Amino acid sequence: MANRPPENWRAWMAEVARDVEAGILAPECAGTAEMYPESLLRATDSALEAFEAEMRVLVEPSDEALFGVIEKVVLALNAVDADASHGGAGYCTEEREQLCEYIDRTLGEHGVDVAALAARRGINRAEITDAWRDW
């Protein structure tokens, strides 16, 4: 199963903390806690867990069903990104790319030919989230 992006973000924060502790990185250069507050990580995990659960129960889904699940996770992630309770933290370019890649990989792990799915919609594989994505 693909690693959820928050796992990557937590690992990066731990690496930065180790670098600060070892004196490799100055503490003032380690703003990772502000980039990835726990509330953002938990909310992102929750949205992705729901996406995974929906994918597990689909059996021979139609394109419409698949795009419905994609839409639902993207809208959930939009809500996470816009949530002011995260202290202004949200998804930037790297996080966006990781989230889109995760959605793509998760679809593939559940037997979806993502390139073909996108082609049937007349879009590129990288555009499967674009219709709903605000982040």
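The structure this text deals with has already been given above.
Residues numbered from 1 in each chain as written. Predicted model: local features only at pLDDT ≥ 70, side-chain atom pairs only at ≥ 80, totals over all residues. Heavy atoms only, no water.

> Hey, could you run me through the pattern of salt bridges in this one?
Any two side chains of opposite charge can pair, on the condition that their charged atoms come close. Summed over all chains, the structure comprises 11 salt bridges. Salt-bridge contacts for D104 lead to R125; the nearest nitrogen and oxygen are separated by 2.7 Å. Of the two residues, D104 sits in helix 5 (residues 93–109) while R125 sits in the segment after helix 6 (114–120), which places them 21 residues apart along the sequence. Salt bridges here are not isolated pairs; linked through shared partners, they connect R4, R10, E38, D45, E49 and E52. (Salt bridge = Lys/Arg side-chain N within 4 Å of Asp/Glu carboxyl O. Helix = DSSP H or I, 4+ residues; strand = E, 2+ residues; numbered from the N terminus.)

> Which parts of the structure should I look at to understand unusual backbone geometry?
Generally, phi is negative for residues other than glycine and the peptide bonds are trans, each holding for most cases. Of note, E60 is a non-glycine position whose phi angle comes to about 45°, a positive value. Turning to its location among the elements, E60 is positioned in the loop between helix 3 (38–57) and helix 4 (63–82).

> Explain the packing of aromatic side chains to me, please; I cannot follow it from the model alone.
Working definition: an aromatic ring pair is given by the centre-to-centre distance plus the angle between the planes. Overall, the coordinates contain 5 aromatic pairs when judged by the stated rule. An angle of 10° between the planes, with centres 5.2 Å apart, marks the rings of W9 and Y36 as stacked. Note that W9 is positioned in helix 1 (residues 5–21) and Y36 in the loop between helix 2 (32–35) and helix 3, a separation of 27 residues in sequence. Note on W9: relative accessible area 2%, which makes it buried. The class for Y36 is buried, based on a relative accessible area of 6%. Ring centres of W9 and Y91 lie 6.1 Å apart, and the angle between their planes is 40°; on these two criteria the pair is classed as tilted. Of the two residues, W9 is situated in helix 1 and Y91 in the loop between helix 4 and helix 5; the sequence distance between them amounts to 82 residues. Judged by its relative accessible area of 8%, Y91 is buried. Put simply, the rings of W9, W12, Y36, Y91 and W135 pair up and form one aromatic cluster. Above the plane of the ring of F67 lies R121, whose end atom (NZ or CZ) is 3.9 Å from the centre. (Phe/Tyr/Trp six-rings, centres within 6.5 Å; stacked < 30°, edge-to-face > 60°. Buried < 20%, exposed > 50% of the residue type's maximum accessible area, 1.4 Å probe, protein only. Lys NZ or Arg CZ within 6 Å of the ring centre and 35° of its normal.)

Remember that the coordinates give geometry; whether it matters functionally is a separate question.
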